[in-house]
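# Breakdown of the fold
Residues per chain are reported as follows:
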Amino acid sequence: MYNHNTKLFLSLPLAAASLASCGNDGNQPKQPNILFIMTDDHTTQAMSCYGGTLFETPNMDRIAAEGMRFDNCYAANALSGPSRACILTGKFSHENGFTDNACVFNGDQQTFPKLLQGAGYETAIVGKWHLISEPQGFDFWSVLSGQEEQGDYYDPQFEQMGEEITEKGYVTEIITRKAIEYLESRDRSKPFCLMMHHKAPHRNWMPAPQNLGIYNDRVFPEPENLFDDYSGRGTAAHSQDMSLENTFTEDWDLKLLTREEMLANPSNRLAKVYFRMPEDVQAKWDSVYAGRIAEYRSGGLKGRELVRWKYQQYMRDYLATVLSVDQSIGQMLDYLEKSGELDNTIIVYTSDQGFFLGEHGWFDKRFMYEECQRMPVVVRYPAAIKPGSTTSALSMNVDFAPTFLDFAGVPVPADIQGCSLRPVMENAGVVPQDWREAVYYHYYEYPAEHSVKRHYGIRTDRFKLIHFYNDIDEWEMYDMVNDPREMHSIYDDPAYAAERLYLHELLDKTQQQYGDTDPDERERVLFHGDRRYMDRQNK
Ligand code: SGN
Ligand code: CA
């Protein structure tokens, strides 16, 4: 793992006034434990407590039923590494320095686990890290290290306190076991903060052995815009490379390779993962995917029928990986219940961002469009949260850090840009008077996989304003009430001229507040090749 040397870390001046109340009443009798469970690429459409009709997620739903569901929580940059850096620091990408997945996190900077450690917590992280530099601020860490830190579904490798180890079995189950083992062995004189970060349901969606083929008899409802032609939107939607039709691969994504073909081509990526599985699992895999391969090769699937078919296979695998995550949450809740710590633990379930499940014909994320900008967030903490409550408060991934500090009775440093969600939680989800008017977004990873152009923007409770920049200069605006699927940009619609002007002013104000004042220029300078490689050279 890369060890980041101290680097001059630029901190842009922040506007003194915050758009939100970030107060801490300091009236905390006992520091609660924190269990932060995060998945990779899970999304609200695949969570029954958000009204998703694809399948049931009883354990996630239990957290919502006994706690609060956040209906408007958004990632500041809908990509794994960047979102994780926002969560740890409570700062936007341009401030924490991790703008895209080619970055190396400057681990010397302030993070909430470090601040909690300083306030008497024992801190730990198990699972996906994806920030390249060695984790700092954790008393125990065991993070996925294979495949550029994405980790493997079967027999995954971990870097545990500086040591490389391989664990036998299925990744979601291993991460859960390791999290429970940590809780069993921790210093019980201290409150804990445990971050349990699952790999699932990240691409290429490989289910646990017992869940292979579990949804093969189901037909999942299709999103209404599966066959979007992107009219009504600009270049970015047209030029992406993340469609089920064109990008979804036969081998890695659809898993259309027989055992014989993998034996003949062992360097194929799917083959490499397949041969990590125990032989009995390989046999089950063969029997489960044989039908899919035969169907595909029968030659009967063409055009829209083929896209429909790919969507069904995608859902079967994706949801089967989420099933294990839901079961993992059930195990963690049971463990805390048995150990008597359920009610004095703030339990958060979220994902690093949302994901497209066929909407607009896509998989993946990155766009400032609703399905992936929005994060699933449910929180259980009966001391502060009314069971079964929901909130529409505009929230962000940068809010987790100040929220945890607030509940732990730790003063929130002035340079943290997110706001504590504690007032929202303690008031049954009612949006405080002085709450933020818009969430901010800035995505940087272009040119890169999936070809989503760089963009930034704001989302209010009603509208979205987006600027795609760098090699294009295009604006989009959406009315989220009249066009919740974001199918028609109203940026040039004269009927919305006043709102457009207002949103431009609000965007400027928001960028001033957060110090992202010259976003286009800044990135032209910043993005020049493989920075991870360059940073390593500069070490
Ligand atoms: C991998 C995936 C991409 C995905 C990125 C980032 N390709 O590169 O589809 O967008 O991760 O995902 S794959 O061929 O390796 O599966 S992130 O969640 O880690 O940001
Ligand atoms: Ca992700």
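For the structure, check the block above.
What this report covers is the structure whose coordinates are included nearby. The structure displayed is predicted, hence computed values, not measured ones. (Residues numbered from 1 in each chain as written. Chains lettered and ligands numbered in written order. Predicted model: local features only at pLDDT ≥ 70, side-chain atom pairs only at ≥ 80, totals over all residues. Heavy atoms only, no water.)

## Topic: the overall build of the chain
As a reminder of what qualifies: Helix numbers and strand numbers start at the N terminus; a helix is a DSSP run of H or I with at least 4 residues, a strand a run of E with at least 2. Throughout this description, buried means an accessible area under 20% of the type-specific maximum (1.4 Å probe, protein chains only), exposed means over 50%, and partly exposed covers the range between. The contact definition used throughout considers only heavy atoms, calling two residues in contact when any of these lie within 4.5 Å.
Regarding its fold elements, the chain presents 16 helices and 16 strands. Each principal axis of the C-alpha atoms in the chain carries an extent, and together these give about 65 × 65 × 50 Å. The buried share among the 539 residues of the chain stands at 62%. A fraction of 70% describes how many contacts in the chain between residues 6 or more apart in sequence connect residues 24 or more apart.

## Quick word on unusual backbone geometry
Glycine aside, the phi torsion of most residues is negative, and most peptide linkages are trans. Between alanine 200 and proline 201 the backbone carries a cis peptide bond, its omega angle lying at -5°. By secondary structure assignment, the location of proline 201 is in the loop between strand E8 (192–197) and helix H6 (235–239). Positive phi, normally seen in glycine, also occurs at aspartate 155, with a value near 45°. Given the relative accessible area of 8%, aspartate 155 is considered buried. Here asparagine 470, not a glycine, exhibits a phi torsion of approximately 90°, which is positive. With respect to the element layout, asparagine 470 can be found in the loop between strand E15 (463–468) and strand E16 (474–479).

## Thoughts on the site of ligand 1
The following threshold applies: Think of it this way: one heavy atom of a residue within 4 Å of a molecule or strand is enough to make that residue near it. In protein, a polar contact means a hydrogen-donor-capable atom and an acceptor-capable atom, both N or O and within 3.5 Å, with residues adjacent in sequence counting only if both atoms are side-chain atoms; elsewhere, any N or O pair within 3.5 Å suffices. Every accessible area reported is derived by Shrake-Rupley at a probe size of 1.4 Å, with residue values counting cover from the shown protein chains alone. Under the grouping applied here, Gly and all other residues not named as nonpolar or charged are polar, the nonpolar ones being Ala, Val, Leu, Ile, Met, Phe, Trp, Tyr, Cys and Pro and the charged ones Asp, Glu, Lys and Arg.
Close to ligand 1 lie 18 residues; Arg269, Asp364, Arg366, Glu449 and His450 are nearest. Side-chain polar atom of arginine 203 to an oxygen atom of ligand 1: 2.9 Å apart, as the coordinates give it. Within the side chain of glutamate 449, a nitrogen or oxygen atom sits 2.7 Å from an oxygen atom of ligand 1. Summarising the interface, the protein chains cover 90% of the accessible area of ligand 1, which totals 460 Å² for the free molecule. Taken together, the residues of the shell around ligand 1 sort by class into two nonpolar, seven polar and nine charged.

## Side note on the sheet that holds E8
Basically, it comes down to this: Any two strands with at least two DSSP bridges between them are considered paired. Axis geometry follows a simple rule: fit a line to the C-alpha atoms, using only the stretch in contact for helices, then measure angles between N-to-C directions, giving values from 0 to 180 degrees.
With mixed pairing, the ten strands of this open sheet are ordered in space as E7-E6-E5-E4-E8-E1-E9-E10-E2-E11. Each edge of the sheet is formed by a strand with only one pairing partner; in this case those strands are strand E7 (163–166) and strand E11 (389–391). Across the sheet, the mean angle from the axis of one strand to that of its neighbour is 15°, orientation sign disregarded. In terms of strand pairing, strand E1 (residues 33–39) meets strand E9 (residues 345–351) through seven bridges, oriented parallel. Residue pairing for E9: methionine 38 is matched across the bridge by threonine 350. Sitting on the sheet, helix H2 (residues 80–89) touches E1 and E8, and the angle it makes with E1 is about 170°.

## Notes on the side chain of arginine 292
Relative to the helices and strands, arginine 292 is located in helix H9 (residues 279–297). Residues within four places of arginine 292 in sequence aside, it is in contact with Leu254, Leu256, Trp309, Gln313, Arg316 and Asp317.

## With respect to the pairing of E7
In regular strands, side chains alternate between the two faces of the sheet. In this structure, strand E6 (residues 157–160) lies alongside E7, joined through four bridges in antiparallel fashion. Paired with glutamate 159 across the two strands is glutamate 164, which belongs to E7. Between the antiparallel neighbours E6 and E7 lie two residues, among them methionine 161 with a positive phi of about 50°.

## Some points on the sheet that holds E16
In a beta sheet, neighbouring strands are held together by backbone hydrogen bonds and run either parallel or antiparallel to one another. Across the sheet, which stays open at both edges, the four strands sit in the order E13-E14-E15-E16 with antiparallel pairing between neighbours. The strands lining the two open edges of the sheet, one partner per strand, are strand E13 (439–443) and E16. The sheet shows a mean angle of 15° between the axes of neighbouring strands, direction not considered. In terms of strand pairing, E13 meets strand E14 (residues 455–459) through five bridges, oriented antiparallel. Paired with tyrosine 441 across the bridge in E14 is glycine 457.

## Describing the coordination of the calcium ion (ligand 2)
The following threshold applies: With water omitted from the atoms examined, metal sites may look incomplete; donors here are N, O and S atoms no farther than 2.8 Å from the metal, or 3.2 Å in the case of Na, K and Ca. Working rule for geometry: tetrahedral if four donors all subtend angles between 85 and 135 degrees; square planar for four, octahedral for six, if opposite donors exceed 155 degrees and the others stay between 65 and 115; irregular in every other situation.
The protein atoms that coordinate the calcium ion (ligand 2) are Asp40 (OD), Asp41 (OD), Asp352 (OD), Asp352 (OD) and Gln353 (OE1), at distances of 2.2 to 2.8 Å. In this structure, the calcium ion (ligand 2) is coordinated by six donor atoms arranged in irregular fashion, with angles at the metal of 50 to 171°. Classification of glutamine 353 as buried rests on a relative accessible area of 0%.

## Re the pattern of salt bridges
Short version of the rule: The term salt bridge refers to a side-chain nitrogen of Lys or Arg lying within 4 Å of a carboxyl oxygen of Asp or Glu.
A complete count under the given rule lists 38 salt bridges for this structure. Among the ionic pairs, aspartate 399 bridges to arginine 436, the shortest N-O distance being 2.7 Å. Taken together, the positions of aspartate 399 in the loop between strand E12 (395–396) and helix H12 (400–408) and arginine 436 in the loop between helix H13 (422–426) and E13 put the pair 37 residues apart, joining distant regions of the chain. For the pair shown, aspartate 399 and arginine 436 are each scored as buried. Across the pair aspartate 492 and arginine 500 runs a salt bridge whose closest N-O atoms are separated by 3.7 Å. Look at arginine 500 and you get partly exposed, because its relative accessible area is 28%. What you see here is one network of salt bridges that share partners, running through Asp41, Asp364, Lys365, Arg366 and Glu445.

## A word on the packing of H9 against helix H10 (residues 303–338)
The condition is simple: By the definition adopted for this analysis, an angle is roughly parallel if under 35 degrees, roughly antiparallel if over 145, roughly perpendicular if from 65 to 115, and oblique otherwise.
Taken N-terminus to C-terminus, the directions of H9 and H10 make an angle of 170°; their axes are 12 Å apart at the nearest point. If you check the angle between H9 and H10, you find them roughly antiparallel. Taking contact as the criterion, the partners of Tyr289, Arg292, Glu295 and Tyr296 in H9 are, on H10, Leu306, Trp309, Gln313, Arg316 and Asp317. Looking at the contact of H9 with H10 residue by residue, the class counts come to four nonpolar, one polar and four charged.

## What to know about the packing of helix H5 (residues 171–185) against H10
Filter applied, for reference: Crossings are assigned a handedness: left-handed for a near helix turned anticlockwise from the far helix by less than a right angle, right-handed for a clockwise turn.
Closest axis-to-axis distance for the H5/H10 pair is 9 Å, and the angle between their directions is 15°. What the angle tells us is that H5 and H10 run roughly parallel. The two elements H5 and H10 cross, and the hand of that crossing is right-handed. Counting all contacts with H5, which are made through Thr172, Thr176, Ala179, Ile180, Leu183 and Glu184, the residues of H10 involved are Ser324, Val325, Ser328, Gln331, Met332, Tyr335 and Leu336. By residue class, the composition of the contact of H5 with H10 is seven nonpolar, five polar and one charged.

Honestly, it's all geometry; don't read function into it.
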